[in-house]
Amino acid sequence: NLVEASNEIYSILDFKQLINSALLTIIGQVGFQCAFIVMYNAFQHRYNQIFQKGFKSFEIEKVKFEMEAPLVKYFLKNRTPVYLSKLETHKELESHCKVFKDLGIFLIAPIIYSERLQGIIGTSEKLFGKDFSQTDFEIFHILVNIISISIGNACLYEEVKKLSLTDAMTNLHNYRYFEGRLKEELNRARRNRAKVSLLMLDIDHFKNYNDTLGHQTGDDALRQVGTILKSTVRDDDIVTRYGG
C-alpha cells in the first residue's frame, strides 16, 4: 500500500493536486478522522496556506502562524512527528498547543526540505476511537517523508516552469509567455466581442546610455522600468519584455 501511495504522490507535480492527494492518502492509509496541512507563503512570509479534510473552515484558520513562531524553531530542531501530549510539555509552545487541542489534533509533523520548515501536517485521532499503534506512527512518519520530498519536487518544478517563462534581467514575463498569452487574449476577445489593448514601449537613446555609462547601469535601468510597469498596471494586465 505504501509503495502504491508513494508512486502516486511522487507522480504529481501540480501543487494543489499533490496536497489534496497527500491528505487523502494520510487519512486512508492510517485511518485518521481528519487532517490538515499548513504551508509557508513566501509572498506574505507566513504559514497561512491551509488545506484540510474534515475540519470546519472557520476553525482551521486558527492554525496559521508567523515564520518567527516558536513552533518553527522547534521543528527545525526536532524533525519527526510528535504527539500533542509531548508538545504540550514545552512552555514556549503553549499558544500553539491550545489551538491544536481545541481542534482535536492528536499528532503533528513537520514538512521539511532544503533545510527549511515548509509547513506542518496535523491529524486527529483514528476513526471510531481505535488505538493508535507504533506501526501506525511509523507508517505516518514514512508518509510524511514521502510528502515532504514530493512537495519539494513540485516546488522545484514550478520554479523551473516560472524561469522558462520569465526574463531573468527584469523579472517580467518573456517573449514565449507573451506569444501564448496574446493568442489567448485575442481568442477570448473574439468570443466575447471585446477589445484588446496592446502597448509597446521603448527606452529612448538606450544604446547611448549603455555605451556611456556601461551595460551594468543599463541593466539597472531596465530593471527599474520593469518594476515601475509592474507596480502601475492592473491585476489583469500583463507586462512582458519583448526584446533582449
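Residues numbered from 1 in each chain as written. Predicted model: local features only at pLDDT ≥ 70, side-chain atom pairs only at ≥ 80, totals over all residues. Heavy atoms only, no water.

(A) View of the packing of aromatic side chains. Throughout the structure, instances matching the rule amount to 16 aromatic pairs. Between the aromatic rings of Phe32 and Phe140, the centroid separation amounts to 5.6 Å while the plane-to-plane angle is 80°, which identifies the pairing as edge-to-face. Of this pair, Phe32 sits in the loop between α2 (15-30) and β1 (35-41) while Phe140 sits in helix α7 (residues 134-164); the two residues are 108 residues apart in sequence, bridging distant segments of the chain. With respect to class, Phe32 is no different from Phe140; both count as buried. Between Tyr175 and Tyr242, the ring centres sit 5.2 Å apart and the planes meet at 85°, which makes this aromatic pair edge-to-face. Taken together, the positions of Tyr175 in helix α8 (residues 175-192) and Tyr242 in the segment after α10 (215-232) put the pair 67 residues apart, joining distant regions of the chain. Owing to a relative accessible area of 36%, Tyr175 belongs among the partly exposed residues under this scheme. An aromatic cluster of at least three residues, connected via ring pairs, comprises Phe32, Tyr83, Phe106, Phe132, Phe137 and Phe140. (Phe/Tyr/Trp six-rings, centres within 6.5 Å; stacked < 30°, edge-to-face > 60°. Helix = DSSP H or I, 4+ residues; strand = E, 2+ residues; numbered from the N terminus. Buried < 20%, exposed > 50% of the residue type's maximum accessible area, 1.4 Å probe, protein only.)

(B) Seen up close, the nonpolar core. Counting residues in hydrophobic clusters, the biggest one holds 29 residues, and the most contacted among them are Ile19, Ile37, Met39, Ile121, Phe140 and Ile151. The contacts of Ile151, once residues within four sequence positions are left out, are Phe15, Leu18, Ile19, Met39, Ile111 and Tyr113. Ranked by size, the runner-up nonpolar core spans 27 residues in total, among them Val38, Phe65, Ala69 and Val82. (Core = buried A, V, L, I, M, F, W, Y, C linked by side-chain atoms within 4.5 Å. Contact = heavy atoms within 4.5 Å.)

(C) Looking closely at the layout of surface pockets. Empty space within the largest pocket amounts to approximately 1200 Å³. Around the largest pocket, the lining comprises 35 residues; the ones closest to its centre are Leu198, Leu199, Ile238, Val239 and Thr240. If you list the elements that add at least two residues to the lining of the largest pocket, you get α8 and α10. It is α8 that contributes the most residues to the lining of the largest pocket, 7 residues altogether. (1 Å grid on protein atoms, 1.4 Å probe; cavity = no way out; pocket = protein on both sides within 12 Å on 5 of 7 lines; lining within 4 Å. Points joined across faces, edges and corners; volume = space filled by probe spheres on them.)

(D) Spatial organisation of α2. A rise of 1.5 Å per residue sets the reference length of α2, with its 16 residues, at 22 Å; its end C-alpha atoms lie 23 Å apart and thus fit the reference within 8%. Among the residues making up α2, those that are buried are Phe15, Leu18, Ile19, Ser21, Ala22, Leu23, Thr25, Ile26, Ile27 and Val30. Looking at the buried residues of α2, the elements they touch are α1 (2-10), β1, β2 (46-53), β6 (116-123) and α7. Where α2 terminates, the next one or two residues include Gly31, which has phi positive at roughly 90°. (Expected span 1.5 Å × (residues − 1).)

(E) Broad picture of the pairing of β6. A large share of β6 lies buried, amounting to 7 of its 8 residues. Where strand β5 (residues 107-113) and β6 come together, 7 bridges link them in antiparallel fashion. Considered in β6, the bridge of Ala109 is made with Ile121. (Pairing = 2+ DSSP bridges.)

(F) Fine view of the state of the cysteines. Tallying each qualifying case throughout the model produces 0 disulfides. This cysteine, Cys34, is not joined by any disulfide, and Cys97 carries the nearest cysteine sulfur, 18 Å off. Since its relative accessible area comes to 10%, Cys34 is described here as buried. (Disulfide = S-S within 2.5 Å.)

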